[in-house]
Amino acid sequence: MSRFIFITGGVVSSLGKGLSSAALGALLQARGFKVRLRKLDPYLNVDPGTMSPYQHGEVYVTDDGAETDLDLGHYERFTGISARKTDSVTTGKIYSNVIAKERRGDYLGATIQVIPHVTDAIKEWIKADLGDEDFVLCEIGGTVGDIESLPFLEAIRQLGNELGKERAMFVHLTLVPFIPAAGELKTKPTQHSVKELQAVGIQPDLLLCRSDREIPADSRRKIAQFCNVRPSAVIQGLDVDTIYAVPLAYHAEGYDREVCRHFGIEGNEPDLSKWQQIVDRIRAPEGVVNIAVVGKYTSLLDAYKSLAEALRHGGIANNVKVNLNWIDSEIFEREDTVQHLEGVHGILVPGGFGERGSEGKINSARFARERQIPYFGICFGMQMAVIEATRNLVGVKNAGSTEFGPCPEPVVGLMTEWVRGNQLETRKAGGDLGGTMRLGAYEASLKPGSAVAQIYGKTAISERHRHRYEVNINYKEKLEQQGLLFSGMSPDGILPEIVEIPDHPWFIGVQFHPELKSRLFEPHPLFVSFIGAAVTQSRLV
Ligand code: GLN
């Protein structure tokens, strides 16, 4: 029977709750346990798919096509376990389900209330779709004290009661700030945050205290006394130089030991040698490559979380540090400014939406193609590279995307039909925006002998998608004559999945998001290869 660990956050947001949940998952895994990580988000959107990346950061897509919170990306990267639709829920989703049930008459005339109907629906979600997991880690989004998280806190309080101490544990993440004027670390915010939790009936069993410096033993004792937890269960979470050192650092502080102690299952120490090896590698790179990421949401790096990590994984595999230059593509709308890309070792145009900045991306793709600089186009970045090639290699000056409005030469157009498994999916222009893109894992067939077939080492792949537009196959022949090879297609041969330029050091555009599948211990082959090409480029310039 699974044990549940509920992780809440207090004091302020952005303390790294997702990362610390992922790290605990990895530590329990290293002790030989089977884990599952879930995220419960209190906002009213049904999923984050319709939210601006500026507000919410990246939308992480699972194999089964759910648009989820970016923390699921941390979970996958740290544990290697593919998340599922059932691992992410929001207030919006819970309420839509409850209201749909009410409309169907499933509640048999009852008055529908937050308690018990909404809280029951949350509890059902937490316990649904589980197998033989030893631990289920449930992270509650937001900060304790927010109005909208109350039903979630009430639901986990009830579950804690129902399951008992031997099957449920409450972990609370707080901040212990240093106040320069006093020259002291302050425990009061932690005390208040725990009071807030206790007010809704939850007594935390472990406090993970984030701090930028060592928390003295007497401060920890004070926190333990005031907050009603064992002193050894006040764990300090100090800032570390790389996120991949977090499991090691938390283990050194006794985090996983305390968790196991709570459940009465002390025993084997975890084997963290592979973590140590990889962190040693990260800390001693043999070189540096500079990659320009030409995108739109460059002021909020959370918008490209998985991308940054996948590039880092590629760097680790090549023993180099990857410097990322985040550049707003609008800068490159004027053709001469694109010269600023001179000297970078690789150019990456990531996924994106909308017309703003698209000409800058097109100019960047041209610069990379003409100057023989490694180019990696992801989703929108592939579409822009294809538009560029159609304009400048095939000579169709009006080539564009219908995403930006009516277009005389729609090289990229709205997708209205595609096949998922044996089923035909259809979409209408003007339909709902939420959850209606081509989402999740789809297979692609690679052309034998192509660069991508070599990189993957196989010709059948499965990658995660999130797009509404597609490269128009009608331009395939002309583009191929000019040297842009369609080296990956959907198995039915209808949707272009990958383009490449064989006569270029490294020029690949993919319609999917490979960054979503790159993991610390299984770096994605495209990123490993791209960074490898950047290393070669760095020796030339
Ligand atoms: N806006 C493009 C589309 O919907 C690309 C999406 C993306 O880059 N994820 O097809």
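A brief structural summary. Bear in mind the structure is a predicted one, so any value in this text is a computation, not a measurement. (Residues numbered from 1 in each chain as written. Predicted model: local features only at pLDDT ≥ 70, side-chain atom pairs only at ≥ 80, totals over all residues. Heavy atoms only, no water.)

1. Thoughts on the sheet that holds strand β17 (residues 409-414)
Within a sheet, neighbouring strands are paired by backbone hydrogen bonds and run either parallel or antiparallel to one another.
Link 1 in the chain: Taken together, the three strands give an open sheet; going across it, the order is β16-β17-β22, and neighbouring strands pair in mixed fashion. At either end of the open sheet lies a strand with only one pairing partner, and these are β16 (399-401) and β22 (469-471). Taken over all neighbouring pairs, the strand axes of this sheet differ in orientation by 30° on average, direction set aside. (Pairing = 2+ DSSP bridges. Helix = DSSP H or I, 4+ residues; strand = E, 2+ residues; numbered from the N terminus. Axes fitted to C-alpha atoms, helices over the stretch in contact; angles between N-to-C directions.)

2. Let's talk about the state of the cysteines
One way to say it: the disulfide is the covalent bond shared by the sulfur atoms of two cysteines.
Link 1 in the chain: In total, this model carries zero disulfides according to the counting rule given.
Link 2 in the chain: There is no disulfide at cysteine 227, and the cysteine sulfur nearest it, in cysteine 209, is 7.8 Å away. (Disulfide = S-S within 2.5 Å.)

3. Topic: the pattern of salt bridges
Link 1 in the chain: Enumeration according to the criterion identifies 41 salt bridges in this entry.
Link 2 in the chain: Aspartate 205 is paired through a salt bridge with lysine 165; the nearest N and O atoms lie 2.5 Å apart. On the criterion of sequence distance, the pair formed by aspartate 205 in the loop between α7 (188-199) and β10 (206-211) and lysine 165 in the loop between α6 (150-163) and β7 (168-175) is long-range, its members being 40 residues apart.
Link 3 in the chain: Judged by its relative accessible area of 51%, lysine 165 is exposed.
Link 4 in the chain: Residues participating in the shared-partner salt-bridge network are Arg36, Arg38, Arg84, Asp87, Asp129 and Glu133. (Salt bridge = Lys/Arg side-chain N within 4 Å of Asp/Glu carboxyl O. Buried < 20%, exposed > 50% of the residue type's maximum accessible area, 1.4 Å probe, protein only.)

4. Re the site of the ligand
Link 1 in the chain: As a matter of local geometry, the ligand sits amid Gly351, Gly352, Phe353, Cys379, Phe380, Gln383, Glu403, Arg466, His467, Arg468, Tyr469 and His513.
Link 2 in the chain: Note that an oxygen atom of the ligand is positioned 2.9 Å from one of the backbone N or O atoms of arginine 468.
Link 3 in the chain: For the ligand, whose accessible area on its own is 300 Å², the fraction buried by protein is 99%.
Link 4 in the chain: Of the residues in the shell around the ligand, the class split is four nonpolar, five polar and three charged. (Near = heavy atom within 4 Å. Polar contact = N/O pair within 3.5 Å; in protein donor to acceptor, adjacent residues only side chain to side chain. Areas by Shrake-Rupley, 256 points an atom, 1.4 Å probe, with all protein chains shown as cover. Nonpolar A, V, L, I, M, F, W, Y, C, P; charged D, E, K, R; others polar.)

5. Looking at the environment of arginine 464
Link 1 in the chain: One can find arginine 464 in strand β21 (residues 460-467).
Link 2 in the chain: When the C-alpha positions of arginine 464 and asparagine 228 are compared, they lie 45 Å apart, and in sequence the two are 236 residues distant.
Link 3 in the chain: Polar contacts involving the side chain of arginine 464 include one to the main-chain carbonyl oxygen of valine 61, which spans 3.0 Å.
Link 4 in the chain: A polar contact of 2.9 Å, which involves the side chain of arginine 464, links it to the side chain of aspartate 63.

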